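Given next are the chains, with one letter for each unit.
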Amino acid sequence: VRTAGGQRIGYDSLLLATGASGMLPPISGIRTGGVFTPYRLEQVEAALAGLERAQDVVVLGAGKVGIKAVGVVSRRRRVTLIEQAPGILPGMLDETGGTLVSRFLERHGVIVRTGVTLTEVRARNGTVDQVVLSTGECLPCQALLVAVGGQPNADLARWAGAQVAEGIVVDHRLRTTLEGVYAAGDVAEAPVLHDRRRAVLANWLNAVQQGRIAGYNLAGQETEYAGGVRSNSLRLWDLPVISAACAPPGGAGEVKGEGEWSLDEEKGVYRRLIFQEGRLTGVMQVGGDIRDAGIFATLIKSGKQVDDPRKLFISGYSGFQTQRTRWALAGVAM
């Protein structure tokens, strides 16, 4: 390895854990002052400083980062959330769940616009002043937060000759196609649980698990990575949102299978469980008691058969029963 300072360091094994960076989409005028990608610490600090002078804020992208940003900046400011997809949190929730979160945001004064995007950013005196929507509308804007996803920092691996697709392609031991070189975290395109495909599943849980498996293999203890789960959770003020699925990206609502769901529109609580051939493959929930999340995640990862999904589905049941008892009541193969 050669450093930027010219130092050369030899290695027997090497781990690439270079993460990902926020992206700026190809929108006219977007590279101007007052436009932020809140992905790294220094970017967040710059955004917070820029927001001091902003009354009209636009957040582009209604994924997890965009939604969290809305929760931070909406106090004492006019905030418009823009999402190109038909609903918000498209990588976590189906249409019903996304609608509940949209209504919750609107009750807190956030303007939610879905099915539209930005076509132009207009500046005055070197900083953003207006944004133009795909509908032709112009919105006042003194700060634009761009949260349209991350891009794996895979250039180093690409230059070195490793196989790179969306991220650095790795096998079940987190090995790249270069001898002695491993990759883990948001830069890695790794196996997906219960699936033959690979994907960049960029979240903290997968990064930690991949780092642990890579560490074992770097130390000479051959260990296989079972595969990642597309899982996310967030809390927007007092509203919890969770989602987990063993399918590759494309929106939790695209997970195929038989479903069990409940919706209480008055209380704003929604839960959906998805089963394939008697096995739990996905879960999403908006509002309510989310203490069952760990049990559902464990069932998804284990691939255990569930004989009676409806008993597993009962909300709050695990608050009175141990996980083993809950599984037994639902007929889960032990």
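Here goes a summary of the coordinates provided. Every value quoted in this text rests on a predicted model; they were computed, and no experiment measured them.

**A look at the sheet that holds strand S14 (residues 188-191)**
Strands pair in a sheet through their backbones, by hydrogen bonds, and they do so in one of two ways: parallel or antiparallel.
(1) Moving on: The three strands are arranged S12-S14-S15 in an open sheet whose pairing can be described as mixed. Only two strands of the sheet have a single neighbouring strand rather than two, namely strand S12 (168-169) and strand S15 (198-199).

**Concerning the pattern of salt bridges**
(1) Moving on: Under the definition given, this model contains eight salt bridges.
(2) Moving on: One salt bridge connects Arg158 with Asp155, and the closest N-O pair in it is separated by 2.8 Å. Of this pair, Arg158 and Asp155 both sit in helix H4 (residues 155-160), three residues apart, which is roughly one turn of the helix.
(3) Moving on: Taking relative accessible area as the criterion, Arg158 reaches 40% and is therefore assigned partly exposed.
(4) Moving on: The exposure class of Asp155 is partly exposed, given its relative accessible area of 42%.

**A few points about the nonpolar core**
Side chains that are nonpolar tend, in soluble globular proteins, to be buried together.
(1) Moving on: By size, the foremost hydrophobic cluster in this structure holds 33 residues, and its most contacted members are Ile67, Leu81, Val101, Leu105 and Val241.
(2) Moving on: Residues in contact with Leu81, not counting those within four places in the same chain, are Val59, Gly61, Ala62, Ile67, Val70, Ile88, Leu105, Val110, Ile111, Val112 and Arg113.

**Description of the sheet that holds strand S9 (residues 138-140)**
(1) Moving on: Within the open sheet, the three strands sit side by side as S7-S8-S9. Their pairing is antiparallel. Of all strands in the sheet, those bounded by a partner on one side alone are strand S7 (118-124) and S9. Strand-to-strand twist of the sheet, defined as the mean angle between neighbouring strand axes without regard to direction, takes the value 30°.
(2) Moving on: Of the strand pairs in this sheet, strand S8 (residues 127-133) and S9 are connected by three bridges, and their pairing is antiparallel. Counted as the bridge partner of Gln130 is Pro140 from S9.

**A closer look at unusual backbone geometry**
(1) Moving on: Residue Leu89 is not a glycine yet carries a positive backbone phi of 50°.
(2) Moving on: Topologically, Leu89 is positioned in the loop between strand S5 (78-83) and helix H3 (95-107).
(3) Moving on: For Leu89, a relative accessible area of 1% translates into the label buried.
(4) Moving on: Here Asn125, not a glycine, exhibits a phi torsion of approximately 55°, which is positive.
(5) Moving on: Assignment of secondary structure puts Asn125 in the loop between S7 and S8.

**Some thoughts on the pairing of strand S19 (residues 269-276)**
(1) Moving on: With respect to burial, S19 is a largely interior element, six of its eight residues being buried.
(2) Moving on: The turn linking S19 back onto strand S20 (residues 279-286) is made up of two residues, and Glu277 within it adopts a positive phi angle of 50°.

**Thoughts on the side chain of Asn217**
(1) Moving on: Positionally, Asn217 belongs in helix H5 (residues 204-218).
(2) Moving on: One polar contact links Asn217 to Arg173, side chain to side chain, over a distance of 3.1 Å.
(3) Moving on: In contact with Asn217, not counting residues within four places along its chain, are Arg173, Tyr182, Glu222 and Thr223.

**Remarks on the packing of aromatic side chains**
(1) Moving on: Under the definition given, this model contains one aromatic pair.
(2) Moving on: Residues Phe104 and Trp237 carry aromatic rings whose centres are separated by 6.0 Å and whose planes lie at 45° to one another, so their mutual orientation is tilted. With Phe104 in helix H3 and Trp237 in the loop between strand S16 (230-236) and strand S17 (239-245), this residue pair connects regions lying 133 residues apart in the sequence.
(3) Moving on: Given the relative accessible area of 7%, Phe104 is considered buried.
(4) Moving on: For Trp237, a relative accessible area of 27% corresponds to the partly exposed category.

**Here we look at the environment of Leu81**
(1) Moving on: Within the secondary structure, Leu81 is located in strand S5.
(2) Moving on: Since its relative accessible area comes to 0%, Leu81 is described here as buried.
(3) Moving on: Distance from Leu81 to Gly61, taken between C-alpha atoms, is 7.2 Å for residues 20 residues apart in sequence.

The rules behind the values
- Residues numbered from 1 in each chain as written.
- Predicted model: local features only at pLDDT ≥ 70, side-chain atom pairs only at ≥ 80, totals over all residues.
- Heavy atoms only, no water.
- Pairing = 2+ DSSP bridges.
- Helix = DSSP H or I, 4+ residues; strand = E, 2+ residues; numbered from the N terminus.
- Salt bridge = Lys/Arg side-chain N within 4 Å of Asp/Glu carboxyl O.
- Buried < 20%, exposed > 50% of the residue type's maximum accessible area, 1.4 Å probe, protein only.
- Core = buried A, V, L, I, M, F, W, Y, C linked by side-chain atoms within 4.5 Å.
- Contact = heavy atoms within 4.5 Å.
- Axes fitted to C-alpha atoms, helices over the stretch in contact; angles between N-to-C directions.
- Polar contact = N/O pair within 3.5 Å; in protein donor to acceptor, adjacent residues only side chain to side chain.
- Phe/Tyr/Trp six-rings, centres within 6.5 Å; stacked < 30°, edge-to-face > 60°.

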